[in-house]
Amino acid sequence: MTGTLLSVLMLLCGYVLADPKRFDGHKVLHILPDSIEHLNNVLELKELLNLNIWRHPRMGNLSMDVHVEPHKLELVLTSLQQIGADVRVWIHDIQQLIDNEQKQTKKKDTGFNYFAYHRFSAIKKYLADVVTATNSMNNVSAQLTTIGYSFEFREIQMIKVSRNDGLSRPAIVIDGGIHAREWISPATVLYFIGQLVSGDEFDYSPKLLDKFDWYFIPLLNPDGYEYSHTTDRLWRKNRVSHGEKCIGVDINRNFGYMWNPVINRSTNSCSDVYAGPFAFSEEESFALKMFILNNKDNITAYLTYHSYGQMWLYPWGYTSALPTDWQELDSAATVGTEAQESLYGTPYLAGPTVKTLYSATGVSEDWAKGVANIKYSYTIELRDTGSFGFLLPQDQIEPNCRESWKALGEFALALAAREKYKEIKDI
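Residues numbered from 1 in each chain as written. Predicted model: local features only at pLDDT ≥ 70, side-chain atom pairs only at ≥ 80, totals over all residues. Heavy atoms only, no water.

*Asks:* Which residues make up the environment of Glu282, and what values go with them?
*Replies:* As for its position among the elements, Glu282 is in the loop between helix 9 (261–264) and helix 10 (283–295). For Glu282, a relative accessible area of 2% gives the class buried. Those residues in contact with Glu282, other than ones at most four positions away along the chain, are Asn238, Val240, His242, Val249, Asn254 and Pro277. A distance of 2.6 Å separates the side chain of Glu282 from the side chain of Ser281, its partner in a polar contact. (Helix = DSSP H or I, 4+ residues; strand = E, 2+ residues; numbered from the N terminus. Buried < 20%, exposed > 50% of the residue type's maximum accessible area, 1.4 Å probe, protein only. Contact = heavy atoms within 4.5 Å. Polar contact = N/O pair within 3.5 Å; in protein donor to acceptor, adjacent residues only side chain to side chain.)

*Asks:* Any details on helix 10? Residues and values, ideally.
*Replies:* Taking 1.5 Å per residue, 13 residues should reach 18 Å; helix 10 reaches 19 Å between its end C-alpha atoms and fits that length. Residues of helix 10 that are buried: Glu284, Ser285, Ala287, Leu288, Lys289, Phe291 and Ile292. (Expected span 1.5 Å × (residues − 1).)

*Asks:* Lay out the packing of helix 5 (residues 120–134) against helix 6 (residues 184–198) with the relevant residues and their values.
*Replies:* Where helix 5 meets helix 6, the closest approach of the two axes is 12 Å, and the angle between their N-to-C directions is 10°. Relative to helix 6, helix 5 is oriented roughly parallel. On helix 6, the residues that touch Ile123, Tyr126, Leu127, Val130 and Thr134 of helix 5 are Leu190, Ile193, Gly194 and Val197. Looking at the contact of helix 5 with helix 6 residue by residue, the class counts come to 7 nonpolar, 2 polar and no charged. (Axes fitted to C-alpha atoms, helices over the stretch in contact; angles between N-to-C directions. Parallel < 35°, antiparallel > 145°, perpendicular 65-115°, else oblique. Nonpolar A, V, L, I, M, F, W, Y, C, P; charged D, E, K, R; others polar.)

*Asks:* Can you tell me about the state of the cysteines, naming the residues and giving the values?
*Replies:* Overall, the coordinates contain 1 disulfide when judged by the stated rule. Here Cys246 engages in a disulfide with Cys270; their sulfurs sit 2.0 Å apart. Across the S-S bond of Cys246 and Cys270 the torsion is about 75°, and the bridge reads as right-handed. Pair noted here: Cys246 is in the loop between helix 8 (222–230) and helix 9 and Cys270 is in the loop between helix 9 and helix 10, with a separation of 24 residues, a long-range link. On the accessibility criterion, Cys246 (26% relative accessible area) is partly exposed. Residue Cys270 is classed as partly exposed on the basis of its relative accessible area, which comes to 30%. (Disulfide = S-S within 2.5 Å.)

*Asks:* Let's hear about the side chain of Gln310: which residues, and what values?
*Replies:* Within the element layout of this structure, Gln310 appears in the loop between strand 9 (299–307) and strand 10 (311–314). If sequence neighbours within four positions are ignored, Gln310 has contacts with Thr346, Pro347, Tyr348, Leu349, Glu381, Leu382, Arg383, Asp384 and Thr385.

*Asks:* How would you sum up the nonpolar core? Please name residues and give values.
*Replies:* Formed by 58 residues in total, the largest nonpolar core has its most connected members in Val161, Ile174, Ile193, Trp214, Phe216, Leu303 and Tyr378. Every residue in contact with Trp214, bar those within four places of it in the chain, is listed here: Ile159, Lys160, Val161, Ile172, Ile174, Leu196, Leu208, Leu209, Leu408 and Ala412. Counting 24 residues, the second largest nonpolar core, distinct from the first, contains Met158, Phe291, Tyr302 and Ala372. (Core = buried A, V, L, I, M, F, W, Y, C linked by side-chain atoms within 4.5 Å.)

*Asks:* Hey, could you go over the packing of aromatic side chains for me, with residue numbers and the actual values?
*Replies:* On inspection of all chains with the given rule, the structure shows 28 aromatic pairs. Residues Phe115 and Tyr191 carry aromatic rings whose centres are separated by 5.8 Å and whose planes lie at 40° to one another, so their mutual orientation is tilted. Taken together, the residues Phe115 in the loop between helix 4 (94–102) and helix 5 and Tyr191 in helix 6 connect sequence positions 76 residues apart. With a centroid separation of 5.3 Å and an interplanar angle of 70°, the aromatic rings of Phe192 and Tyr305 are classed as edge-to-face. Taken together, the positions of Phe192 in helix 6 and Tyr305 in strand 9 put the pair 113 residues apart, joining distant regions of the chain. Just as Phe192 is buried, Tyr305 falls in that class too. One aromatic cluster is present, formed by Phe112, Tyr114, Phe115, Tyr126 and Tyr191 through successive ring pairs. One cation-aromatic arrangement involves Arg181 over Phe390; the distance from NZ or CZ to the ring centre is 4.0 Å. Lys289 extends its terminal NZ or CZ atom over the ring of Phe280, reaching a point 4.6 Å from the ring centre. (Phe/Tyr/Trp six-rings, centres within 6.5 Å; stacked < 30°, edge-to-face > 60°. Lys NZ or Arg CZ within 6 Å of the ring centre and 35° of its normal.)

*Asks:* Break down the pairing of strand 5 (residues 140–149) for me, citing the residues and quoting the values.
*Replies:* Inspection of the sheet shows strand 5 paired to strand 6 (residues 155–163) by 9 bridges, in the antiparallel sense. Counted as the bridge partner of Thr146 is Gln157 from strand 6. The hairpin turn running from strand 5 into strand 6, its antiparallel successor, is 5 residues long, and Phe153 in that turn takes a positive phi close to 65°. (Pairing = 2+ DSSP bridges.)

This is the structure we're talking about:
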């Protein structure tokens, strides 16, 4: 292949070699309007100056975290003072956090390092290694499948972990990495796979394999994830080009249940929450859709891992109305949050998406319940609550993963007990 042809192909696929975007002097402001009127004024300011909201206001809590570029800072602070909103600097220099994050955790002597952030190629190799390792195990099996390809033709891989006994069990589906900048999400899902295959300190693995088949999609947005490593650490969307002004679609606004970009203010292709030209326009959301629909009769729970905020969220995201079984969803989520808090005291909040986080349409959690009829459908927002935001230091990966595994274990075992009780009642 000639150098010219290779360069053309790299440009077409989005592999443009460039220096990573820097965020020197960029700040995150914690803003607290004292009324709905002032909140609306702040949101108008956000639209006017094209500010990036990291954490949105929600019912009962009007505060938000907003990323502000240095050249906009004085104007933003003056405007907020005029509005009457309380404001303080939450993160003083985003680039400093990025630099600290890039300092690799000490490499373990052997095996895969779960407590570092890995690139797509390393994740791909790890999944293949898991399958190879289980080939010599009698009690556990792992099967690797490509459920689709991204816009830049990277594999979207799913690994099934189950008992090696030929029996079919109810399934739990877990995905991570829908949003590119949320690196702790795929790191957490990879840790889950390792614990399930190799055993864990809490001795959950044998019981969880006895109760469920497990399907993991650690990285649903491989293009965006790679771009966040090479070029723009705070990139959120995928890397698709629909021939519009800006690149990328927010995959988690693209699912075809109550898809409504007007409500999300996501009709602008340059928005971080752009919902796409139509529902399931994206290869990534479509791949997950087809996998779930082909297996939905056997899926008991769907969990999608994100950051940040420390929450277990259940439907709905599109309306403040609650599903008829919301009490069951809340009770199961509370098992998870209480377990998550028990290890290090990390507080997690359980509740419906609209009331606990913010209103959003076209999200995977709503679609999984509303269309695929998966009863227990959750979005889990991992550490932290704003001190680091999307730039969680690597020394927090281990405690985050351990407490999240404990939460998943207790949640799944409680789910198995609930469903077994229902079967007995129905006899």
